[in-house]
Amino acid sequence: MIEERLSSKEMQGLEADYEKIANIEKLISQREMEIEWPYREFKDENVNGSRSTTVSFKAQDLLEAKEEDPYLQRLYRLRKIKDDLLLDMTKQQKQIYELRWCTDDYYDWLLVGELLEPKLKKTQIYKKREKLLELLAKKEGILRK
């Protein structure tokens, strides 16, 4: 059997997905808000001052809009993947994930390796990085499980 490997472009994409996964709740609530309250240029068609008889946004329309939005559906899928990932990660992988993507400070891979206990050398941290990316690739269906 031929061993599957991730290309450098795939690795970059997976790292971007990890960044989204780390902030997934914020991204989901932001997108839901955009769908619920879309920007509309104001046009005052009610020139007589009477009340409008139409309902502006029904609950069913809102639900359909959320179900039809491909970006929001992708975010929901990433949230599920995040939950699965955290269950499958080792303690050290969780530490690496939190240091690399869940902090406000930017830690590159070498600094992440130095912050761990025990410290990891350059080759060790990049092997750990590759394993983390492979784990996500399997969850997303990029690699076979």
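The residue count restarts for each chain, going from 1 along the sequence in the order it is written. Restriction of local features to residues with pLDDT of at least 70 applies here, the model being predicted, together with a cutoff of 80 or more for giving and counting side-chain atom pairs; totals for whole chains, interfaces and linings are based on all residues. Calculation of side-chain values draws on the structure's entire complement of heavy atoms; hydrogens and water are dropped beforehand.

### Some remarks on the overall build of the chain
Next up, step 1: The secondary structure listing takes helices from DSSP runs of H or I that are at least 4 residues long and strands from runs of E that are at least 2 residues long, numbered from the N terminus. Broken down by element type, the chain carries 7 helices and 0 strands.
Next up, step 2: In sequence order, the chain lays out its α and β elements as α-α-α-α-α-α-α.
Next up, step 3: Per-residue burial over the chain gives 29% buried out of 145 residues.
Next up, step 4: The long-range share in the chain, meaning contacts at least 24 apart out of those at least 6 apart in sequence, stands at 69%.
Next up, step 5: The protein chains shown are the only cover counted for residues, whose accessible areas, like all others here, come from Shrake-Rupley with a 1.4 Å probe. When the accessible surface of the chain is totalled, it reaches about 11,000 Å², and 50% of it is carbon and sulfur. Throughout, exposure labels follow a simple rule: accessible area from a 1.4 Å probe, protein chains only, divided by the maximum for the residue type, with under 20% read as buried, over 50% as exposed, and the rest as partly exposed. Only heavy atoms matter for contacts: two residues are in contact if any of them lie within 4.5 Å across the pair.

### Comments concerning the nonpolar core
Next up, step 1: The biggest cluster of nonpolar side chains holds 31 residues, and the ones touching the most others in it are Tyr18 and Leu85.
Next up, step 2: Those elements that place two or more of their residues in this core are α1 (8-22), α2 (24-36), α4 (70-88), α5 (91-101), α6 (109-115) and α7 (122-140).
Next up, step 3: Broken down by element, the residue count for this core peaks at 6 residues, all from α7.
Next up, step 4: If sequence neighbours within four positions are ignored, Leu85 has contacts with Tyr18, Ile21, Leu135, Leu136 and Lys139. Grouping buried Ala, Val, Leu, Ile, Met, Phe, Trp, Tyr and Cys residues that are joined through side-chain atoms within 4.5 Å yields what is termed a nonpolar core.

### Describing α7
Next up, step 1: For α7, built from 19 residues, the straight-helix expectation of 27 Å at 1.5 Å per residue is met to within 8% by its first-to-last C-alpha distance of 27 Å.
Next up, step 2: Phi turns positive one or two residues past the end of α7, at Gly141, with a value near 90°. Any helix carries an expected span of 1.5 Å times its number of residues minus one.

### So, unusual backbone geometry
Next up, step 1: At the junction of Glu117 and Pro118, the peptide bond is cis and its omega measures out at -5° in the coordinates.
Next up, step 2: If you trace the backbone, Pro118 turns up in the loop between α6 and α7.

### Quick look at the packing of α1 against α4
Next up, step 1: Packing of α1 against α4 brings their axes to within 9 Å, and their N-to-C directions diverge by 90°. Of the possible angle classes, the one that applies to α1 and α4 is roughly perpendicular. Here Asp17, Tyr18, Lys20, Ile21 and Ala22 of α1 come into contact with α4, specifically with Tyr71, Arg74, Leu78, Ile81, Lys82 and Leu85.
Next up, step 2: Residues are grouped as follows: nonpolar covers Ala, Val, Leu, Ile, Met, Phe, Trp, Tyr, Cys and Pro; charged covers Asp, Glu, Lys and Arg; every other residue, Gly included, is treated as polar. For the contact of α1 with α4, the class distribution of residues is 7 nonpolar, no polar and 4 charged. Helix axes are fitted only over the stretch in contact, all axes being lines through C-alpha atoms; the angle between N-to-C directions runs from 0 to 180 degrees. In what follows, roughly perpendicular refers to angles from 65 to 115 degrees, roughly parallel to angles under 35, roughly antiparallel to angles over 145, and oblique to any angle outside these ranges.

### Observations regarding the packing of aromatic side chains
To describe a pair of aromatic rings, one takes the distance between the centres and the angle between the planes.
Next up, step 1: Note on ring pairs: Phe, Tyr and Trp rings are taken, using the six-membered ring of Trp, and paired if centres are within 6.5 Å. Classes follow the plane angle, with under 30 degrees stacked, over 60 edge-to-face and the rest tilted. On inspection of all chains with the given rule, the structure shows 4 aromatic pairs.
Next up, step 2: When the centroid spacing of 4.4 Å and the interplanar angle of 10° are considered together, the rings of Tyr18 and Trp101 count as stacked. A residue pair is termed long-range when its members are at least 10 positions apart, and Tyr18 in helix α1 and Trp101 in helix α5 qualify at 83 residues. The pair formed by Tyr18 and Trp101 is uniform in burial state, with each residue classed as buried.
Next up, step 3: Between the aromatic rings of Tyr97 and Trp101, the centroid separation amounts to 6.1 Å while the plane-to-plane angle is 45°, which identifies the pairing as tilted. Here Tyr97 pairs with Trp101, and both are found in helix α5, just 4 residues apart, close to one helical turn. Trp101 carries the same exposure label as Tyr97, and that label is buried.
Next up, step 4: Aromatic rings pair up to connect Tyr18, Tyr97, Trp101 and Trp109 into one cluster.

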